[in-house]
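These are the residues of each chain, in order.
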Amino acid sequence: MTAYRQRLRGFIAGLRMAAMVALAGAVLAACTGEQFQKGYILPQGALEQIPIGASQDQVLIVMGTPSTVATLSGEVFYYISQRSERKVAFMQQSVVDQRVIAIYFDKNRTVTRIANYGLQDGKIFDFISRTTPTSGQEMSYLTPIFKLLSPN
């Protein structure tokens, strides 16, 4: 009977170890990071489907309803999004990316320019033309949007 008890004790110790490993795995799984998407989600390849000269209706079919619309020298559709993540559960979210896709139309409602604005080195930056917009009506409209999106 001594050998039987030793095997039984070994089996019980193995079960305890397995239970502790499973519990530790469950605790660690609860602590994994999460990603959050707010606002507009850009469909894969959508911007490539909108050539310069496309109609406003084509843009609406491909991109959907804009987050907001402005009238500068023509009309502009703005699609606003923000992506944030939380590295550990129950911690505060940190912003990973903020984007404003702007599609500019002329008086005939055809696309004249497409811009994909984001923040680079703390400044508004167009990731399509690789430039920082200059002062004027456009900047006066984009700056409050990015301030509204930023968590601070």
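We now turn to the structure provided with this report. A quick note: this is a predicted structure, and the numbers were derived from the prediction, not measured.

**Considerations on the packing of aromatic side chains**
Counting across every chain of the model gives 2 aromatic pairs. Each ring, one from Tyr40 and one from Tyr79, has its centre 4.7 Å from the other, and the planes form 50°; the classification is tilted. Taken together, the residues Tyr40 in the loop between strand E1 (34-39) and helix H2 (56-63) and Tyr79 in strand E3 (residues 75-86) connect sequence positions 39 residues apart. When the centroid spacing of 4.8 Å and the interplanar angle of 65° are considered together, the rings of Phe77 and Phe105 count as edge-to-face. Pair noted here: Phe77 is in strand E3 and Phe105 is in strand E4 (residues 94-105), with a separation of 28 residues, a long-range link. With a relative accessible area of 5%, Phe77 lands in the buried category. Sitting above the plane of the Tyr104 ring, Arg113 keeps its charged end 4.2 Å from the centroid.

**Structural notes on the environment of Ser84**
Inspection of the secondary structure puts Ser84 in strand E3. In this structure Ser84 comes out as buried when scored by relative accessible area, which is 2%. Ignoring sequence-local partners within four residues, the contact set of Ser84 consists of Glu34, Gln35, Phe36, Gln93, Ser94, Val95 and Val96.

**A word on the pairing of E3**
The buried fraction of E3 amounts to 10 of the 12 residues, a majority that puts the element mostly inside the structure. Pairing geometry for E1 and E3, over 6 bridges, is antiparallel. For Lys38, the partnering residue across the bridge sits in E3 and is Gln82. As defined by bridge partners, strand E2 (residues 68-71) adjoins E3 across 4 bridges and the pair is classed as antiparallel. In the strand pairing of E3, Val69 is matched with Phe77.

**What about the environment of Gly64?**
Relative to the helices and strands, Gly64 resides in the loop between H2 and E2. A C-alpha to C-alpha distance of 9.5 Å links Gly64 and Tyr40, two positions 24 residues apart in sequence. The contacts of Gly64, once residues within four sequence positions are left out, are Val59 and Tyr79.

**Points about the pattern of salt bridges**
Applying the stated criterion to the full structure yields 3 salt bridges. Between Arg86 and Glu34 there is a salt bridge, with the nearest N and O atoms lying 2.7 Å from each other. In this pair, Arg86 is assigned in strand E3 and Glu34 in strand E1, connecting sequence segments 52 residues apart. With relative accessibility at 18%, the residue Arg86 sits in the buried group. With its nearest N and O atoms 3.0 Å apart, the salt bridge here joins Arg99 to Asp97. For Asp97, a relative accessible area of 22% corresponds to the partly exposed category.

Conventions used here
- Residues numbered from 1 in each chain as written.
- Predicted model: local features only at pLDDT ≥ 70, side-chain atom pairs only at ≥ 80, totals over all residues.
- Heavy atoms only, no water.
- Phe/Tyr/Trp six-rings, centres within 6.5 Å; stacked < 30°, edge-to-face > 60°.
- Helix = DSSP H or I, 4+ residues; strand = E, 2+ residues; numbered from the N terminus.
- Buried < 20%, exposed > 50% of the residue type's maximum accessible area, 1.4 Å probe, protein only.
- Lys NZ or Arg CZ within 6 Å of the ring centre and 35° of its normal.
- Contact = heavy atoms within 4.5 Å.
- Pairing = 2+ DSSP bridges.
- Salt bridge = Lys/Arg side-chain N within 4 Å of Asp/Glu carboxyl O.

Everything listed here is a matter of coordinates, which is why it stays silent on function.
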